[in-house]
Amino acid sequence: MRTQRQVVDYSLQRRAVLRDVHSGRVGVHEVCDASPYLKNAARFHGEPTEERCPMCRHEDLTLVHYIYGDELKQSAGQARKLAELPMLAMTLSEFQVYVVEVCQGCSWNHLVEQYLLGRDGLEADETAGETGRRRGAER
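Model, not experiment: these values are computed from the prediction.

Q: Is there a simple way to explain the overall build of the protein in this structure?
A: Along the backbone of the protein there are 5 helices and 6 strands. Starting at the N terminus and walking to the C terminus, you meet the elements of the protein as β-α-α-α-β-β-β-α-β-β-α. In the protein, which comprises 139 residues, the proportion classed as buried is 37%. Taking all contacts inside the protein whose residues are at least 6 apart in sequence as the whole, residues at least 24 apart take part in 62%. Total accessible area computed for the protein in this model is approximately 8600 Å², and 50% of it derives from carbon and sulfur atoms.

Q: Help me understand the packing of aromatic side chains, please; the structure alone is not making it clear to me.
A: Remark: the centre distance and the inter-plane angle together describe each pair of aromatic rings, the angle taken between the planes. All chains considered together, the criterion is met by 1 aromatic pair. With 5.5 Å between their ring centres and 85° between their planes, Tyr68 and Tyr98 make a pair best called edge-to-face. Residue Tyr68 is found in strand β3 (residues 60–68), and its partner Tyr98 is found in strand β5 (residues 95–102); the two are separated by 30 residues along the sequence. Here Tyr68 falls in the partly exposed class, since its relative accessible area comes to 38%.

Rules behind the numbers
Residues numbered from 1 in each chain as written. Predicted model: local features only at pLDDT ≥ 70, side-chain atom pairs only at ≥ 80, totals over all residues. Heavy atoms only, no water. Helix = DSSP H or I, 4+ residues; strand = E, 2+ residues; numbered from the N terminus. Buried < 20%, exposed > 50% of the residue type's maximum accessible area, 1.4 Å probe, protein only. Contact = heavy atoms within 4.5 Å. Areas by Shrake-Rupley, 256 points an atom, 1.4 Å probe, with all protein chains shown as cover. Phe/Tyr/Trp six-rings, centres within 6.5 Å; stacked < 30°, edge-to-face > 60°.

Written out as structure tokens, the structure reads:
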């Protein structure tokens, strides 16, 4: 997405959690604890993947995108389909997106990444582009 910025990737944390589960330091019930609300969000708003669940290895994971931001008001904290995010990014100045992977079978869930979206990022990109064009024109 063009305005996506300040991306935080949680893949190292995910690997550490899986390592702790497989070594027995953390119980499966501690990481397979998706709430009914999260599982419903995955069912109705999630984006299916072709990646198998790292815990049960029976079902594919689903990605759920939650949005937060001051401009969202009562819509903050809602799950949205990935296809809705570009439209929101062009409409709102800034909002945070949290991506959670969920297994419908065993209830595994983990925060995958978070990032900012919105027009503020687009304006910064355009300003940087104009500055680069001006510098190029001066040469």
